Structures are given as structure tokens and as C-alpha cells.
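# Report on the structure
Residue-level listing of the chains:
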Amino acid sequence: MYNLCGDIMEKSINLDTSVQYLKGVGPKMFELLNKLGIYTVKDLIEYYPRTYEDRTKVVKIDEFEKDKNVLFFGTVVKPVSVVYARKKKIISTVVTDDTGSLAFLTWYNQIYIKDRLKEGQTYLFFGKVSNIIGSRVNLESCSIYDVSQLEKIQGLYPIYSLTAGITQNYLFKIISELLEKNIMLTDIFSTEFRTKYGLVEKNYAVQNVHFPKSYNMVESARNRIIFEELFLFQLALFNMKENNLVETKTNIYKDLDDSEFRKIIPFELTNAQKRVVEQIKKDLSSNIVMNRLVQGDVGSGKTMVAAIAMYLAVKNGYQAAIMAPTTILANQHYNELSVYFEKLGMRAEIITSATTKRNKEKIVERLKNNEIDILIGTHSIIEDNIEFSNLGLVVTDEQHRFGVKQRMKLSTKGKVVDTLVMTATPIPRSLAIILYGDLDLSIIDELPPGRKPIDTCVVDDSYNQRVYNFLRKQIKEGRQVYVVCPLVEENEDLDLNSVESLYEEYKQEFSEYNVAILHGKMKNKEKDNIMQEFKENNINILISTTVIEVGISVPNATVMVIENADRFGLAALHQLRGRVGRGSSASYCILKSNNKSVIARQRLGIMKESNDGFLIARKDLELRGPGDFFGIRQSGMPEFKLANLLTDTKVLEKTQEAVKELIEKDKKLELPENIRIRNELYSKYGEQLTKIVG
Ligand code: ADP
Ligand code: MG
């Protein structure tokens with residue numbers, strides 16, 4: 001297919017050009033590429049492989065070994081035949097090389113191969129040796145290349161993350177064609193800088209991350225890109241921190257008396273809560289803007305701490321806002337907190353995606369007129385049309401669900417705003433300092449009294465009946481049950497129980513009870529209704545995806561069953577488990593997994609032994625490496641193309657040093673050799689940095 005438009009456009013391709021103008025990218029492919037986060041030429045260039053296939057050596061047919069991937073020349077010695085068998089078209093031929101050995105090649109349904117291969121011609125093949133029977137060598141579904149392509153093909157073949165409809169070969173083709181066009185990326189580092197830190201040039205690095213000739217080349221190339229990513233990230237953090245440190249404010253709180261609020265809540269704060277409240281009060285009454293991260297295990301009572309801070313804000317004449325990651329959670333905060341605030345004559349409102357346009361308008365109006373003291377909501381509250389008259393404090397709940405940018409956006413809503421962020425993600429302190437380098441850290445390391453550890457066990461499918469019996473017993477005692485399973489769409493090729501089939505299964509098994517389903521595809525209103533019904537104990541068993549992962553509190557729910565538990569990160573499992581054990585009754589967590597691997601068993605074993613989020617996280621790191629540390633759902637970790645904050649610690653140390661040196665010399669990045677660094681920093685993190693760099 002000749003793409004005229006694409007051809008014309010190609011002449012003027014630059015980094016910002018949309019990939020839809022590339023040859024071979026039609027509307028359908030464009031959409032699929034978008035799914036992978038690829039919109040522009042730059043995105044495509046920076047779509048780095050996740051691993052490589054070794055195609056460095058050309059192998060002779062008589063050297064083939066079973067199950068090995070081989071790159072080889074083969075001359076077609078038999079006309080290509082097509083046989084129809086069981087709805088499949090089987091395409092096959094025989095090739096030979098100068099060793100005289102024969103290789104039997106087979107493909108399925110790829111009928112075009114009949115025309116692709118000509119008898120007597122030699123081609124380059126790559127494929128896996130499926131078996132060797134006597135002298136007969138079989139290969140299936142080999143890739144076919146022209147002999148002239150050897151130079152291009154030979155080396156390490158990049159393996160990219162895919163989505164249905166896009167193949168490795170397709171990405172290989174469009175990326176290699178793109179790189180041949182020599183679109184130059186600017187290298188932000190000077191030659192001197194590169195020499196100093198042992199870095200290869202940027203374009204060379206990009207070329208070699210995609211199409212390396214050896215593993216050594218991959219390493220230096222990847223190292224170069226990781227270095228740049230971490231360097232810029234740390235520079236941005238430094239700037240944010242610097243900015244926060246020096247930023248003075250006028251909203252210095254005079255009235256720090258929260259006794260009235262403490263009197264109306266039905267419990268005494270834990271010592272840890274008290275300590276953190278004191279730290280917050282100190283921030284609020286100082287003339288430096290507060291930027292504080294409160295880390296606390298699930299159920300440690302972070303909401304109350306936030307509520308006290310908001311109460312103080314209003315008492316001192318300011319508006320306060322709290323942003324939660326889901327509508328359900330925002331509702332829960334609203335339901336729990338608005339009661340207290342109202343009792344104290346403070347006006348709280350809620351705004352989520354479920355809020356009607358008319359109501360939203362009203363709220364916007366009242367916010368501007370200072371008729372609302374406390375706004376509770378989802379990220380709806382950072383929409384551009386939301387304006388406050390006198391915003392003084394913003395709280396971000398479950399920070400790990402938001403990106404740095406969203407967090408920053410909220411704090412630009414007021415002139416100079418104090419910020420409190422809450423997270424239950426148990427990241428090690430050392431990492432927290434790097435990740436949240438711009439924040440001061442408070443830790444709630446104590447659970448409210450009376451909490452019993454959640455009794456946890458690990459079972460496989462053979463226990464199904466026993467699990468059912470146990471659930472039945474609990475429900476008879478009036479308790480409620482959560483059943484959670486990972487989402488299917490996110491792992492299309494994994495064989496997981498989908499929520500729906502699980503729902504059917506439970507409905508059948510528990511036909512005498514109310515079983516309900518909750519998942520992300522449902523309308524917010526539906527979700528809220530279900531959650532409300534569950535809270536009111538009108539639902540006995542709630543089958544759901546991880547939408548209930550964060551913050552939900554239903555004290556009467558005492559059992560959590562987690563399907564395919566081995567698919568979750570331990571941190572995520574721990575947070576899920578934290579949905580039970582919120583009341584005074586004994587609570588249980590049943591982790592289901594048929595995965596018999598030693599690591600999987602060990603990991604789930606940790607869950608059984610400990611209820612301490614931080615300990616669990618540390619053990620998880622030790623056991624399975626940091627790759628999956630945060631589980632299926634992504635955390636608020638900054639998005640890097642290649643760097644991994646947890647594994648690339650060596651590079652991180654280097655960049656830390658490099659950033660320090662740079663800053664000592666040229667803090668404002670004004671020297672000519674640092675202009676490119678400054679520009680890149682600005683384009684990557686600009687929104688956050690406008691105050692300093694811009
Ligand atoms: P998280 O830290 O996970 O956000 P929450 O703030 O949702 O935890 O608190 C969990 C539950 O504990 C809530 O029902 C809350 O009312 C209750 N709670 C909070 N602080 C205390 C306390 N000091 N004593 C008893 N219960 C508390
Ligand atoms: Mg919470």
C-alpha cells in the first residue's frame with residue numbers, strides 16, 4: 001500500500017511529528033501505538049526494548065540444537081506446499097545450506113509465505129529449533145529476511161512490550177526505519193561532562209539500546225539513558241525541595257488549639273497520631289510552607305490526622321481541600337468527616353466526577369465566595385475551573401495513586417499553600433527520601449488499640465469447599481466477605497479468573513445470600529451504590545477487582561479472599577488485606593494461589609507471618625527483586641523509560657553526585673554548557689519548576 005500523504009510528510013519529520021505520518025502507520029496502527037503510549041516520533045524513539053534475543057551468530061544447520069534460537073542461511077530446495085488440515089493452513093518447505101544438511105520449515109496460516117519464498121533462492125531465517133528427529137531438523141514459524149538484511153538483523157534483536165495487534169517485527173521495522181532517518185536528539189551533556197561520568201553520546205546510546213551488536217554495547221547505552229533520566233529527576237527534586245525550603249508564607253497559624261475537635265471524635269488519638277499532629281502544627285505555625293508526607297500503614301488512622309490539620313486551617317481563616325484517588329474513597333471521607341465539621345460549624349462539600357454539572361457550578365460559585373470551608377473530592381478538584389477564595393491547605397490522600405504533577409497542580413490552586421500528602425505505600429525510608437525528596441517525612445508507626453492481627457492463610461483450589469464453608473460460617477455470624485481478583489484486561493494473556501466468572505461462581509454457591517460485583521468498568525454511581533449497600537450490610541459477599549484497594553472502611557467485613565494472590569505485589573496484598581480488620585471482631589485473609597514456585601510460596605508465606613507493611617515490603621524486595629515491588633497497579637513512581645529507582649541504585653548514587661556538583665557550580669543553570677540541561681529539565685518537569693527555572 002502506497003501512503004502518499006505519509007511520504008510527503010516524511011520529508012519534514014522531526015521529534016514532535018505524530019507517528020501517524022510515518023510510513024506503515026495507518027489509522028489502526030496509530031491507535032494501537034497510542035495504546036503503548038506512542039504518539040510522537042520522540043515517543044517511538046524512546047520506546048525502548050524490554051529485553052533482547054541473541055542473533056549475534058549465524059549458525060550452520062548441522063550445528064542446530066533443539067529449543068535453541070538460530071539465525072541461518074537457507075536455500076529453498078522444494079516448492080513451498082500448502083496443506084489444509086483441521087481449519088489450519090500448513091505451509092512448509094525444505095531448505096539447505098553449504099553443510100548439505102536439510103531443515104524442514106513450517107508455518108501456520110501465513111499463506112503469503114508461499115509467494116515470499118522462491119525455489120532455488122537463499123534467504124536469511126531466524127527461528128527456534130522445535131525438534132530434531134534423527135537427521136531431520138524442524139523449525140516452526142521462522143522469520144524470513146533477504147540475505148542483504150544480514151547486517152541489520154545480526155546482533156541482539158530487541159524485544160518490545162506489545163499490545164494485541166502489534167508484533168515485534170512491526171516495531172522493529174518502524175523503529176529501525178525511523179532511526180535510519182538520522183533524526184538527531186540533542187545530547188544535554190557536554191563532551192566534558194560525558195567524559196567525566198563515563199557516558200556515551202545520546203544518539204549512539206539510543207541506536208544501541210534498540211539495535212545493539214553486543215551485550216557490552218547494550219550496557220553502556222542503557223547506562224547512558226538511565227543516567228540522564230535519574231539525573232534530571234534528581235535535579236527536578238532538588239529544585240522542588242529548594243523551592244519549598246525557601247518559600248515563605250503568610251498564612252502563619254496562630255490558633256493551634258484542636259481540643260474541641262478531639263472532643264467530638266469517638267476515640268483518643270494514638271501516640272503516633274499525636275506526634276504527627278504536633279509536627280504538622282509546627283509546620284502550620286511557622287513561616288515556611290509545609291510540604292509533609294505522612295506515611296502510615298493501612299488502618300493507622302491517617303484520615304484523622306488530615307482532618308485535624310484541615311480543622312486548624314479553617315479555624316485560622318483558610319479553606320482546606322482533600323483529594324482522594326477514587327469517588328468511593330472521597331465519599332467515605334466526606335461521610336466520615338463532614339459530620340464532625342458540621343458539628344463545629346464548618347461547611348464541607350464534596351465534588352467528584354459523579355457531581356452533576358449544575359451542582360459543580362454551584363460549588364465553584366460558593367468556593368469563590370468563601371461559602372465552603374472544606375472541599376473533599378477526587379482529582380475533580382484540580383480541574384482548571386475550580387477556584388478557591390482563600391485556600392490554605394491541601395491534603396492528598398493515597399499519594400501513591402497520583403503522579404507528582406497532579407500533586408503539584410493542587411498546590412498551585414492557592415497562592416502559597418501548605419501541603420500534606422498521605423500514603424500507605426510502605427517504601428523504605430532511603431527511597432522515600434529520594435522519591436519525595438521535596439517533602440518532610442512523618443511516620444505513623446502504631447495502629448489504634450484493639451486491632452487484632454489479621455489471621456492469614458494460603459490455599460490452592462483444592463481448598464475451595466473448605467473456604468466456602470468458612471465463609472458461610474462467618475456470614476451466619478453476621479459478618480461480610482470481600483473476594484478480590486486481579487483484573488483481566490490488564491493481563492490479557494494471563495489465565496486469570498475474571499471478576500465476572502468469579503461472580504457467577506459465588507452466586508451459584510451462595511444462592512441463599514446476597515452476592516454483588518464491583519469493578520472499574522462500572523459507572524461511578526453504580527459503584528457508590530454497591531459500596532453503600534455493602535456498608536449497610538445488605539450485601540454479604542462483595543466480588544471485586546482492586547477498586548477497593550484503597551482506604552475503604554467497612555468494620556463488619558471480616559474476611560478477605562484474594563484470588564490469584566501470587567499475581568499481586570506484597571505491598572498491594574497488604575493494602576488489600578487492610579480492608580478487613582477494621583472492627584473489633586477477629587478478621588481473616590485467605591490468599592488463593594495455585595502457583596507452586598518456591599518464590600511464590602515464600603512470598604505468600606511472608607503475608608501469613610507478618611502484618612507489618614514495612615517489614616513485608618522489605619522482605620518482598622529481598623525475595624523477588626524490586627521489579628514488581630509495587631504490584632500490578634502502578635504507584636506514583638515517576639515514569640522512566642529505562643531507569644528503575646530500586647535497582648539502579650549505583651547510577652542513582654552517581655547522579656546524586658553529579659547533581660550536587662552541577663548545583664555547586666551553576667545553581668540556576670545559566671552557564672552556556674548547562675543550557676541544554678536546563679531546557680530538558682524544563683520540558684520534562686516544567687509545570688513543577690516554573691517558579692524556579694522559568
Ligand atoms: P488509614 O491510615 O488507612 O487511612 P483510616 O484513617 O481510614 O486509616 O482509619 C482507619 C479506621 O480507624 C477508621 O475507621 C478510623 O475512624 C479509625 N481510627 C483512626 N484513629 C483511631 C484511633 N486513634 N483510635 C481508634 N480508631 C481510630
Ligand atoms: Mg486512608
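Residues numbered from 1 in each chain as written. Chains lettered and ligands numbered in written order. Predicted model: local features only at pLDDT ≥ 70, side-chain atom pairs only at ≥ 80, totals over all residues. Heavy atoms only, no water.

This brings us to the site of ligand 1. Around ligand 1 there are 17 residues in total, and Gln-273, Gly-299, Lys-302, Thr-303 and Arg-451 lie nearest to it. The contact in question runs from a nitrogen atom of ligand 1 to an N or O atom on the backbone of Glu-268, over 2.8 Å. Glu-336 places a polar side-chain atom, nitrogen or oxygen, 3.2 Å from an oxygen atom of ligand 1. Relative to its free-state accessible area of 560 Å², ligand 1 is covered by the protein chains to the extent of 88%. Classifying every residue of the shell around ligand 1 gives four nonpolar, seven polar and six charged. (Near = heavy atom within 4 Å. Polar contact = N/O pair within 3.5 Å; in protein donor to acceptor, adjacent residues only side chain to side chain. Areas by Shrake-Rupley, 256 points an atom, 1.4 Å probe, with all protein chains shown as cover. Nonpolar A, V, L, I, M, F, W, Y, C, P; charged D, E, K, R; others polar.)

All right, on to the sheet that holds strand β10 (residues 319-323) then. Judged by pairing direction, the sheet is parallel, and its seven strands sit side by side in the order β11-β12-β10-β13-β14-β9-β15 without closing on themselves. A strand with exactly one partner marks an edge of an open sheet, and here the two such strands are β11 (348-351) and β15 (440-444). Shown here is a sheet whose adjacent strand axes are inclined to one another by a mean of 20°, direction ignored. Pairing of β10 with strand β12 (residues 374-377), which is carried by four bridges, proceeds in the parallel orientation. Paired with Ala-321 across the strands is Leu-375, a residue of β12. Where helix α11 (residues 271-284) meets the sheet, its contacts fall on β9 (291-296), β14 (418-423) and β15, and the angle it forms with β15 comes to roughly 155°. Along the sheet, helix α13 (residues 327-343) contacts β10, β11 and β12; its crossing angle with β11, the most-contacted strand, is approximately 170°. (Pairing = 2+ DSSP bridges. Helix = DSSP H or I, 4+ residues; strand = E, 2+ residues; numbered from the N terminus. Axes fitted to C-alpha atoms, helices over the stretch in contact; angles between N-to-C directions. Contact = heavy atoms within 4.5 Å.)

So, about the confidence of the model for the protein chain. Per-residue confidence for the protein chain gives a mean pLDDT of 85, with 86% of residues at or over 70. For the protein chain, the element scoring lowest by mean pLDDT is helix α1 (residues 4-10), at 49; helix α12 (residues 302-315) scores highest, at 97. The low-confidence segment residues 625-637, where pLDDT is below 50, has 41 contacts with residues more than four positions distant or belonging to other chains. Across residues 690-694, confidence stays below pLDDT 50; counting only partners more than four residues off in sequence or on other chains, it has nine contacts. (pLDDT = per-residue confidence, 0-100.)

Read from one edge to the other, the open sheet built from six strands follows the order β16-β21-β20-β17-β19-β18, with strand pairing classed as parallel. Every interior strand has two partners, whereas the edge strands, β16 (455-459) and β18 (515-518), have only one. Here the average twist between neighbouring strands, direction ignored, is 20°. As paired elements, strand β17 (residues 480-484) and strand β19 (residues 541-544) share four bridges and run parallel to each other. In the strand pairing of β19, Tyr-482 is matched with Leu-542. Packed on one face of the sheet, helix α19 (residues 524-535) meets β17, β18, β19 and β20 (557-562) and runs near 140° to β18.

This next bit is on the nonpolar core. Residues Leu-33, Phe-227, Phe-231, Leu-235 and Ile-677 are the most contacted members of the largest nonpolar core, which totals 71 residues. In this structure, this core is formed jointly by two domains, domain 1 (1-56 + 155-183) and domain 2 (63-153), each of which donates at least three residues. The contacts of Ile-677, once residues within four sequence positions are left out, are Ile-188, Phe-189, Phe-231, Leu-232, Leu-235, Leu-662 and Leu-669. Phe-261, Tyr-318, Leu-337 and Leu-420 belong to the second-largest nonpolar core, a separate cluster that totals 43 residues. (Core = buried A, V, L, I, M, F, W, Y, C linked by side-chain atoms within 4.5 Å. Buried < 20%, exposed > 50% of the residue type's maximum accessible area, 1.4 Å probe, protein only. Domains from an automatic or database assignment.)

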